[in-house]
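# Structure assessment
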Amino acid sequence: MQNADKEDAGAECGSLIWISGATEGIGLGLARNVPYGDARIINLSRRPHPHHESIFLDLADPESWDNVGAHFADNLANFRGARAIFIQNAHMKGMTGFVGEVPPDDYARDITANVAAPLRLGEMFLRAVGESGFAGEAGLVMMSSSSARSPTIGQSVYCAGKAALEMWVRVARRELAMRDRRSVWVTAVRPGFVDTPLTRHVATMADDNYPIASQMRRQMEQGIGVMDIDTAARQIWAALPTDQSLLLFGEQVRREA
């Protein structure tokens, strides 16, 4: 379903929901568990969604970020519904490995896609909300991880990116409060240990590059402390909107003694 017809419909719907990476993992679960029956759901990713409108987003390509920012602005300018929400969920599968051992171009791309892109996209959404004059509820969800506080060997960029994201949320919330923008909420979410293509990808790594990989595999095989994407998504939606800067769900990977 492509953009022109959908943009016309956007002015009519009650809820405008952007989800990055809605074609797999938690993003897929979030898209199919949206609790608003009148929602226009927009997938932002490199792959089109089979059931929802899709806008191309490549986290490693800043030009695609600008296109997404323009889409936020264009659609919010005419939107008169009750709520507009952006969930920054997408994550590029980076190069798991030790600092100084990962190919430099891959490491740089990982920083661009998984540190810079989420912050820039979040800023673009908040800017578009403010400049559009949209008067309804506006919400921004930034998908984080327990790795924001737990230094995971082999995941230097991932951990740094999530820590930066959570601090960005804390600062943005204070700035919104100072401007008395009470209808806008921003939060970070640590969804817990969820069985997704990303977690399965890193679980295949060798322990000498990613020491918790074998433990992740065992927990997924035994179903210990791991959620499916729909359970994770329903928990997140049930907690929104929120006045909290951080929402915590589930468990992280259990580290063996």
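The following paragraphs examine the structure supplied in this document. Here the structure is a predicted model, which means the values were calculated and not measured. (Residues numbered from 1 in each chain as written. Predicted model: local features only at pLDDT ≥ 70, side-chain atom pairs only at ≥ 80, totals over all residues. Heavy atoms only, no water.)

### Re the sheet that holds strand E4 (residues 83-88)
- With parallel pairing, the 7 strands of this open sheet are ordered in space as E3-E2-E1-E4-E5-E6-E7. For this open sheet the edge positions go to strand E3 (53-56) and strand E7 (246-248), each flanked by a neighbour on one side alone. Geometrically, the sheet is characterised by an average inter-axis angle of 20° between neighbouring strands, direction not taken into account.
- Both strand E5 (residues 137-143) and strand E6 (residues 184-190) contribute to a ladder of 6 bridges, which runs parallel. Bridged to Val-141 within E6 is Thr-187.
- Strands strand E1 (15-20), strand E2 (39-45), E4 and E5 of the sheet are contacted by helix H2 (residues 25-32), whose axis makes an angle of about 165° with E1. (Pairing = 2+ DSSP bridges. Helix = DSSP H or I, 4+ residues; strand = E, 2+ residues; numbered from the N terminus. Axes fitted to C-alpha atoms, helices over the stretch in contact; angles between N-to-C directions. Contact = heavy atoms within 4.5 Å.)

### Considerations on the pattern of salt bridges
- Under the counting rule described, the total for this entry stands at 11 salt bridges.
- Across the salt bridge formed by Arg-32 and Asp-230, the nearest N and O atoms sit 2.8 Å from each other. With Arg-32 in helix H2 and Asp-230 in helix H8 (residues 229-238), this pair connects stretches of sequence that are 198 residues apart.
- For Asp-230, a relative accessible area of 17% corresponds to the buried category.
- For Glu-131, the salt bridge goes to Arg-127, with nearest N and O atoms at 3.9 Å. A residue pair is termed a helical-turn pair when its members lie 3 or 4 positions apart in one helix, as Glu-131 and Arg-127 do in helix H4 (residues 104-132) at 4 residues.
- A cluster of three or more residues bridged by salt bridges with shared partners is formed by Arg-120, Glu-123, Arg-127 and Glu-131. (Salt bridge = Lys/Arg side-chain N within 4 Å of Asp/Glu carboxyl O. Buried < 20%, exposed > 50% of the residue type's maximum accessible area, 1.4 Å probe, protein only.)

Spatial relationships are all this shows, so hold off on functional conclusions.
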